[in-house]
Amino acid sequence: NNMNKFLEKLRPLSGSEAPRLPQDPVGMRQQLQEELEEVKARLQPYMAEAHELVGWNLEGLRQQLKPYTMDLMEQVALRVQELQEQLRVVGEDTKAQLLGGVDEARALLHGLQSRVVHHTGRFKELFHPYAESLVSGIGRHVQELHRSVAPHAPASPARLSRCVQVLSRKLTLKAKALHARIQQNLDQLREELSSAFAGTGTEDGAGPDPQMLSEEVRQRLQAFRQDTYLQIAAFTRAIDQETEEVQQQLAPPPPGHSAFAPEFQQTDSGKVLSKLQA
C-alpha cells in the first residue's frame, strides 16, 4: 500500500517529458525521503532474508568444492614423499658408491637422474585426474547452485543465469590455470633435481658429498611442495572472492540510511529525482 502510494508520486517522472520540478523542491525532497525510508524499512527484512539465503547456498558451493582442493594437497604431499623415498641418497650403499670413485658415483647419479624423469612424469599422470575432477566438479556444483538459489534470489532469471555462467567460467579458468602452474612447477623441479645429480664434484676423483646432495634434494622438494600449497590456497581464496561477488550481485544486503542520504543533498534536482525513480 505504501509502495503503491510512493510509486504514484513518482509516476510523472517516468514519462518521456522532462520532469517538472515542484514549487517547493526542498519540501518535496524531504517528503520523498521520508516515504522512501518507510518503504526501505518495510523491504529490509525481505532483502536481509534473501541475502542470507543466497549466501547460505553459496557457502554450500564452497563446502562442496573444498574436498577437491584437499585432494589436490593430499596428492602433492603423497607424491613428494614418494619422490623423497626414491631419491634418498644417504645410506650405506649410496655413500660407498658416491665416495668409492668417479665411475661408481657417476653411475649412481645417472640412475638418480633417470628416477627423477620417471617419477616426475608419473606424478603428472597421477595428478591429472584430480585436476580434471575439480574442473568437472565446478561445473556440476555451480549448476546445482543455480537450481537451489533460484527461489531465493531477487534478481531476474536472466540475470541469475548470467551470474551463474560467469561464476562457472571464472572458476573453471582458474582451476585449469592452477593445474597448468602445478605442471610447470613439476617441470622446474625435474630440471633442478636433474642438475643436482649432474655429477658435479667428480672431476678430481672424489664424488659429491652425499650429505650435501641429500640436503639439496630435500630443500628442492620442500620448496616445490610449499609453493604448490600456496597456489592451491590462492585458488581457494579466489573461490571465496568470486562467490562473495555473486552474492552482492544477486542479493545485496539492505542499504543503510547513509547510502541514500547523500543523494538528497545534491544540487541537481534532476539527479535526485532520477535516483528516487530508480
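Residues numbered from 1 in each chain as written. Predicted model: local features only at pLDDT ≥ 70, side-chain atom pairs only at ≥ 80, totals over all residues. Heavy atoms only, no water.

**With respect to the overall build of the protein**
Inference 1: The helix and strand inventory of the protein stands at eight helices and zero strands.
Inference 2: Helices (α) and strands (β) of the protein occur, in sequence order from the N terminus, as α-α-α-α-α-α-α-α.
Inference 3: Counting across all 278 residues of the protein, residues that qualify as buried make up 35%.
Inference 4: Sequence separation of at least 24 residues holds for 86% of the intrachain contacts in the protein that already meet a minimum separation of 6. (Helix = DSSP H or I, 4+ residues; strand = E, 2+ residues; numbered from the N terminus. Buried < 20%, exposed > 50% of the residue type's maximum accessible area, 1.4 Å probe, protein only. Contact = heavy atoms within 4.5 Å.)

**Structural notes on the packing of aromatic side chains**
Aromatic ring pairs are defined here through the distance separating the ring centres and the angle between the ring planes.
Inference 1: If you walk through the whole model with that rule in mind, you get two aromatic pairs.
Inference 2: When the centroid spacing of 5.7 Å and the interplanar angle of 85 degrees are considered together, the rings of Phe-123 and Phe-224 count as edge-to-face. Highlighted residues: Phe-123 in helix α4 (residues 102-149) and Phe-224 in helix α6 (residues 210-250), separated in sequence by 101 residues.
Inference 3: Judged by its relative accessible area of 1%, Phe-123 is buried. (Phe/Tyr/Trp six-rings, centres within 6.5 Å; stacked < 30°, edge-to-face > 60°.)

**Side note on the pattern of salt bridges**
Side chains that carry opposite charge are capable of pairing whenever their charged atoms lie near each other.
Inference 1: Counted under the stated rule, the structure contains 11 salt bridges.
Inference 2: When the shortest N-O distance is used, the salt bridge between Arg-190 and Glu-191 registers 3.5 Å.
Inference 3: Residue class for Glu-191 comes out partly exposed when judged on its relative accessible area of 45%.
Inference 4: Within the structure, one salt-bridge network assembled from shared partners comprises Lys-124, Asp-187, Arg-190 and Glu-191. (Salt bridge = Lys/Arg side-chain N within 4 Å of Asp/Glu carboxyl O.)

**Remarks on the side chain of His-179**
Inference 1: You can see His-179 is positioned in helix α5 (residues 157-196).
Inference 2: Judged by its relative accessible area of 12%, His-179 is buried.
Inference 3: Residues in contact with His-179, not counting those within four places in the same chain, are Phe-127, His-128 and Ala-131.

**Some details on the environment of Leu-109**
Inference 1: Topologically, Leu-109 is positioned in helix α4.
Inference 2: Along the sequence, Leu-109 and Ala-198 sit 89 residues apart, while their C-alpha atoms lie 6.8 Å from each other.

**Description of the side chain of Thr-172**
Inference 1: Looking at the element boundaries, Thr-172 is found in helix α5.
Inference 2: Here the side chain of Thr-172 touches Ser-168 through a polar contact of 2.7 Å, landing on its backbone oxygen.
Inference 3: With residues near it in sequence (within four places) discarded, Thr-172 still touches Val-135 and Ile-138. (Polar contact = N/O pair within 3.5 Å; in protein donor to acceptor, adjacent residues only side chain to side chain.)

**Notes on the nonpolar core**
Inference 1: Judged by nonpolar contacts, the single largest core of 47 residues is most densely connected at Leu-87, Ile-138, Phe-197 and Leu-250.
Inference 2: For Ile-138, the contacting residues outside a window of four places in its chain are Leu-65, Ser-168, Leu-171, Thr-172, Ala-175 and Phe-235. (Core = buried A, V, L, I, M, F, W, Y, C linked by side-chain atoms within 4.5 Å.)

Treat this as a map of the structure, not an account of what it does.
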